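# Descriptive analysis of the structure
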Amino acid sequence: MPTIIVIGILVAVFVFVSSVYADVLWYNQLGFERVFWTEYLSKAAIFIVAFLLMAFAIWISLRLAYRSRPVYAPDGQRQDAMSKYQSQLEPMRRLLMIGIPVVVGVFAATAVTSQWQEVLLFFNQVDFNEADPQFGMDLSFYMFSLPFIGLLNGYLISVVLIAGIAGLLTHYLYGGIRVEERGGIVIGKPARIHIAVFAVGFLLLQAVNFWVDRYSTLLSQNGRVAGALYTDVHAVIPTKTILAIAAVLVAITFIVAAIMGRWRLPIIGTAMLLVTVIIAGGIYPFIVQQYQVIPSEKTLEREFIQKNIDMTRKAYGLDSVDETDYDVELNPQKNALAQDRATTTNIRLLDPNLVSAAFDQLQQFRTYYKFTPTLNVDRYEIDGTVEDTVIGVREVNVDPTDTWVNQHITYTHGYGLVAAFGNRVAAGGRPDFMLSGIPTQGVLASDETYEPRIYFGEMSPDYSIVGGPDDWEPRELDRPASGSGSQDTRNTFDGDGGPAVGNFFNRLVYSLKFASTDLLLSDAINSDSQILYDRNPKQRVEKVAPYLTVDSNAYPAIVDGRVQWIVDAYTTSKNYPYSKQQALDSAVTDSLTGGTRAVSQTGQINYIRNSVKATVDAYDGSVTLYAWEPEEPLLQAWQKVFPTNIKSYKDMSAELMSHVRYPEDLFKVQRELLATYHVTDPGGFYDANDAWSVPSDPTQSNASIKQPPYYLSLRMPGQDKEAFSLTSTFIPQTAAGGQQRNVLFGFLSAEADAGTEAGVKAEGYGKLRLLAIPRELSVPGPGQAQQNFDSNATVSQALNLLRQGASEVKNGNLLSLPVGGGILYVQPVYVQSSGQTSYPTLRKVLVAFGDRVGFADTLGEALDQVFEGTSGAVTSENGEGEGNGEEPGTPPETQTAEQQLSAALQAANAAITAGQAALAEGDFAKYGEEQAKLQDALERATEAQDALTGAAAPTDAPATDAPAPEAPTSETPAP
């Protein structure tokens, strides 16, 4: 039996040590070993200190109580029973006096070790250089010091209580405290001193607790708004001060009693303290709140509501929102979109949540490839024009029932990115790819310009064994030999992507880690083999930066010849004074979260900053952290803890900077707060008569799921030029028991483009713009716009026809755009036939402006239906307009004559409208430019018309002051 026990202990120790060793190898390979050792040693130091405090206090309490036990205990039946207990305990007394402190100390220290971040932040804190509005303390006190003081004081209280109870029990067991029939409870002098010492310690710690609670009122979430309110300031804070002083005075009486042996005074003092706690700590604040505040709450709380508004907006980065009144036009007018070509050209018709199936069917090529259910939206410059792009990674898809060799040796990586234009589709409603195929090729890139192999992704296997010497026969399945070939090529990983498993000991360690004997015995592992694991980009960032909160979405981009996963990360806290807390997981959950976009972070926060941008190389898994907000105090504190692990954003390349965008989770948190905190007047905030909410996703059957924000390239009203932006809408908040009014109250956008210059942020990046719509207007919200679509007789009839033959109609994302002086809704309509190999194809486009609905095969046609036959918009469908880098309306050679005529007439109308606007403003240079564009467009329209009728082209061009083309007939394509 002793041999078995020893062997069991040795095995457990080896398993633990091997787990630590595996982590050391992983962090060393990534170059983040300092993170591991700092966290590990910090936890160890905290554990040791906490253990020693608890264990020593209990041990000394037990020892002193035992040593001061009475030499002769009185006789009697009670004492006989105690003597039996003593005789039973005596053989193991020494073991218990050591074992009890050790066991309790281990459990207590383990609990406190999880708070290692609060300890490190306290010792490395950085000033905010901003004072709280109540006590005038620097905010660093609340963010760094207050959590640590609360942790330390709470732990010391538990030490005093547990050690005191342990000592009292020892006194009782050995007769220092006796219960006699006539004399009642008899307490010996050593026991009285023991009680006095621990009572003094407990009272002094309670005094600290009362004093610290004064500051904690600024973090309270229990009132109408967060922070210290009228009752807190005028009743709770003063009484906490009184209680702290009273606790100190009562502690002094215990010291006097221990010296003089008179206990009446501390007993009276303790009783008075309890009464004071009940009256001053509970009854008095209740009376103030109930009979002074509630009858005049709006007036008395005004000052504190204002503090809450100001501090909450600062905590969430809402203090610089550019709010503009937007007097929405509800009646569509001809050519209303002529001035919004920058937006209409980039309207995204490809829904990244629906076209993943199309990517699978058209670009999967092999069953061992797979795209994530929801693709990403990014932007790339093509021929001098920035295009919104729907992009996905062709990741490896491993069958979990396959053999160990196939799961971990053969299928190790995916291959290539696939990208499609966001604002147009190809023939048949399929995605119009700018990068596709195997080997990958297209206008975006090719295999020669970037590394296409994806070893680290969102769907990678849990671990793979890769690598080998130069003469090693490749065993990793690489890709099909050609796009349609039946043979597959094989490859050997030649990067530095994971710990080495070439030696027996490392193989044994990882065999234990992954519980796999195959890993230990396989002949597919060689002297140069590496093991790749923890391959999800978000997971890797979380491990190398455990102090950061990681965004729920990581997105891929081609950066400097590599596929890089870009991950946003935040510094967060729940200790910002007067700021409203939010449940992070609830705030960021919408209809797109789940799967690879699952929310991994939970808990309450009331402060957030996008302090770090991280990249994870899809080939070798290397992680790079960039300090995006280097002046942020929480990040500065962590940089003092880990000084070599975060680079400056100024080290970002121009190509990386061009793909950095405003993060989704931060925007979701901000829009949740802004629904209430767009009101900055405390009176209006108290009335809550203008509270908003984020609308539900009208394309989902579950009415409680929020609509996600959408990335779009648009120009907001008053903005100088278009920008890649993240957008969302607001509708009125539903009153309890009331009916939801799905009318639009606000439109929010965040400028998401970080710029294209190396190490330089774009000036407008992160700018939040809020369009506030007059409340007297009834502008359809997303839900009402969807209802208008669904209830339209023409639309319903057409969709029913599309559903014939067991086809399924799928509504794409409903986009909201502030154009034409109003709000334009655009929704692509996809049709998917029955069958396992079918996929959604774009067949129709729905458009709404006010209550007017358009429904056509193309966006341009649908817009013209809404805007009285001529919208004036320039779109990029079928390669038209700005989408291909040409002048608006310039038809490419691949267009039909009808398409060329339509594009030319659109350009002519746009030029006329712009010219008239320039003439009205007295801008004759601009007027001349538009007249030149008009002449060119009319020439092309004439050529296209002649091509349709077979007439000879005219020799002379029309005059530049020709009148605008007439409205087209039913036989002529609408401009």
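Each chain has its residues counted from 1, running along the sequence as written. Only residues with pLDDT of 70 or above have their local features reported here, since the model is predicted, and side-chain atom pairs are shown and tallied only from 80 upward, although totals for entire chains, interfaces and linings are computed over all residues. Excluding hydrogens and water, the side-chain figures rest on all heavy atoms present in the structure.

### So, the packing of aromatic side chains
Put simply, the rule is: Aromatic rings from Phe, Tyr and Trp, taking only the six-membered ring of Trp, are treated as a pair when their centres fall within 6.5 Å; an angle between ring planes under 30 degrees marks them as stacked, one over 60 as edge-to-face, and anything in between as tilted. Burial here depends on accessible area, computed with a 1.4 Å probe over protein chains only, as a share of the maximum for the residue type. Under 20% is buried, over 50% is exposed, and the range in between is partly exposed.
Within the structure shown, the criterion is met by 40 aromatic pairs. Centroid distance F36 to W37: 5.0 Å. Interplanar angle 75°. Geometry classified as edge-to-face. Take F36: its relative accessible area is 8%, and that puts it in the buried class. A ring pair is formed by W116 and W638, whose centres lie 6.3 Å apart and whose planes are at 65°; its orientation type is edge-to-face.

### Re the confidence of the model for the chain
Worth spelling out the cut-off: pLDDT expresses how confident the predictor is about each individual residue, on a scale running from 0 to 100. Contact between two residues is taken to exist if any of their heavy atoms lie within 4.5 Å; hydrogens are not considered.
With 89% of its residues at a pLDDT of at least 70, the chain reaches an overall mean of 87. Note that residues 878-894 has pLDDT below 50 and, in this model, 52 contacts with residues that lie over four places away or in other chains. Overall, residues 951-975 carries pLDDT values under 50, and its contacts beyond four positions in sequence, including any with other chains, amount to 45 contacts.

### Remarks on the pattern of salt bridges
Oppositely charged side chains may form a pair once their charged atoms are brought near each other. Here is the rule we go by: By definition, a salt bridge exists where a carboxyl oxygen of Asp or Glu is found within 4 Å of a side-chain nitrogen of Lys or Arg. What counts as a helix is a DSSP run of H or I of at least four residues, what counts as a strand is a run of E of at least two, and both are numbered from the N terminus.
Summed over all chains, the structure comprises 25 salt bridges. Where D687 meets K298, a salt bridge forms, and the shortest distance between an N and an O atom there is 3.1 Å. Here the residue D687 occupies a position in helix α22 (residues 682-687), and K298 occupies one in helix α10 (residues 297-300), the gap between them amounting to 389 residues. Residue K298 is classed as partly exposed on the basis of its relative accessible area, which comes to 38%. As a salt-bridge pair, K307 and E303 come within 3.5 Å of each other at their nearest N and O atoms. One end of the pair is K307 and the other is E303, both in helix α11 (residues 302-315) and four residues apart, which spans about a single turn. Here K307 falls in the buried class, since its relative accessible area comes to 12%. For E303, a relative accessible area of 48% gives the class partly exposed. In this structure, a network of salt bridges that share partners links the residues D378, R379 and D753.

### Observations concerning the pairing of strand β17 (residues 562-573)
This is how the line gets drawn: Strands qualify as paired when DSSP identifies two bridges or more between them.
In terms of burial, β17 is a largely internal element, 10 of the 12 residues being buried. Bridge count between strand β16 (residues 549-559) and β17: eight bridges; the pairing is antiparallel. Directly across from V550, in β17, lies its bridge partner A569. Joining the antiparallel neighbours β16 and β17 is a turn of two residues, in which D560 adopts a positive phi near 50°.

### Some words on the nonpolar core
Convention followed: Buried residues of nine kinds, namely Ala, Val, Leu, Ile, Met, Phe, Trp, Tyr and Cys, make up a nonpolar core once their side-chain atoms join them within 4.5 Å.
With 160 residues, the main nonpolar core has L625 and Y662 as its most contacted residues. Here the element with the most residues in this core is helix α6 (residues 139-173); it accounts for 13 residues. Once residues lying within four places of it in the same chain are set aside, the contact partners of Y662 are F667, Q670, Y711, L726, A750, E751, A752, Y765, G766 and L768. Membership of the second largest hydrophobic core comes to 57 residues, among which are V328, L349, F359 and V847.

### A closer look at unusual backbone geometry
Of note, the amide linkage connecting I438 to P439 takes the cis form, showing an omega dihedral of -5°. Looking at the secondary structure, you find P439 in the loop between β10 (431-435) and β11 (453-454). Not every positive phi belongs to a glycine, and A515 is a case in point at roughly 50°. Note on placement: A515 falls in the loop between α15 (504-513) and α16 (517-521).

### A few points about the side chain of N813
What counts here: Under the rule applied, a polar contact is a pair of N or O atoms within 3.5 Å (in protein, one hydrogen donor and one hydrogen acceptor; residues adjacent in sequence only if both atoms are side-chain atoms).
Inspection of the secondary structure puts N813 in the loop between β28 (808-811) and β29 (815-817). Its relative accessible area of 4% is what places N813 among the buried residues. A distance of 2.9 Å separates polar atoms of two side chains, one belonging to N813 and the other to R348. Here N813 is in contact with R348, D351, P352, Y710, V826, Q827 and P828, once residues within four sequence places are set aside.

### Comments concerning the packing of helix α2 (residues 33-67) against α6
Here is the rule: Only the stretch in contact is used when a helix axis is fitted, and all axes are lines through C-alpha atoms; the angle between N-to-C directions ranges over 0 to 180 degrees. Here is the rule for angles: anything less than 35 degrees is roughly parallel, anything more than 145 is roughly antiparallel, 65 through 115 is roughly perpendicular, and the remaining ranges are oblique. Note on convention: near helix rotated counterclockwise from far helix by under a right angle means a left-handed crossing. Clockwise means right-handed.
The contact between α2 and α6 brings their axes to 8 Å, and the two run at 25°. In terms of axis orientation, α2 runs roughly parallel to α6. α6 is crossed by α2, and the crossing has right-handed handedness. On α6, the residues that touch A50, F51, L53, M54, A57, I58, S61, L62, A65 and Y66 of α2 are Y155, L156, S158, V159, I162, A163, A166, G167, T170 and H171.

### Comments concerning a negative patch on the surface
Definition in use: Patch definition: residues with relative accessible area over 30% and no salt bridge; like charges joined within 9 Å; nonpolar side chains (Val, Leu, Ile, Met, Phe, Trp, Tyr) joined within 5 Å. Where accessible areas are quoted, they stem from the Shrake-Rupley method and a 1.4 Å probe; at the residue level, only the protein chains shown are allowed to cover. In this charge count, Lys and Arg are treated as positive and Asp and Glu as negative; neither His nor the chain ends contribute. Charge coordinates come from a single atom per side chain, which is NZ of Lys, CZ of Arg, CG of Asp or CD of Glu.
Together, D322, E323, D325, D327, E329 and E776 make up a region of like negative charge exposed at the surface. Turning to its location among the elements, D325 is positioned in strand β3 (residues 322-325).

### Looking at a nonpolar patch on the surface
A contiguous nonpolar surface patch, about 1000 Å² in accessible area, is contributed by M1, I4, I5, I9, V13, F16, V17, W37, Y40 and L41. Per-element tally for the nonpolar patch: the top contributor is helix α1 (residues 2-30), with six residues. Looking at where F16 falls in the secondary structure, it is placed in helix α1.

### Notes on the sheet that holds strand β21 (residues 623-627)
One open sheet accounts for five strands, arranged β16-β17-β20-β21-β22; its pairing is mixed. The outermost strands of the open sheet, each flanked by one partner alone, are β16 and β22 (647-648). In the sheet, β17 pairs with strand β20 (residues 607-617) via nine bridges, with the strands oriented antiparallel. Note that in β20 the partner of V567 across the bridge is A614.

### Quick notes on the sheet that holds strand β5 (residues 376-382)
Judged by pairing direction, the sheet is antiparallel, and its four strands sit side by side in the order β5-β6-β9-β10 without closing on themselves. Each end of this open sheet is capped by a strand with a single partner; those strands are β5 and β10. Between one strand and the next, the sheet's axes are offset by a mean angle of 45°, whatever the strand orientation. Bridge count for strand β9 (residues 417-425) against β10 is three bridges, and the pairing is antiparallel. Residue pairing for β10: A419 is matched across the bridge by L435.

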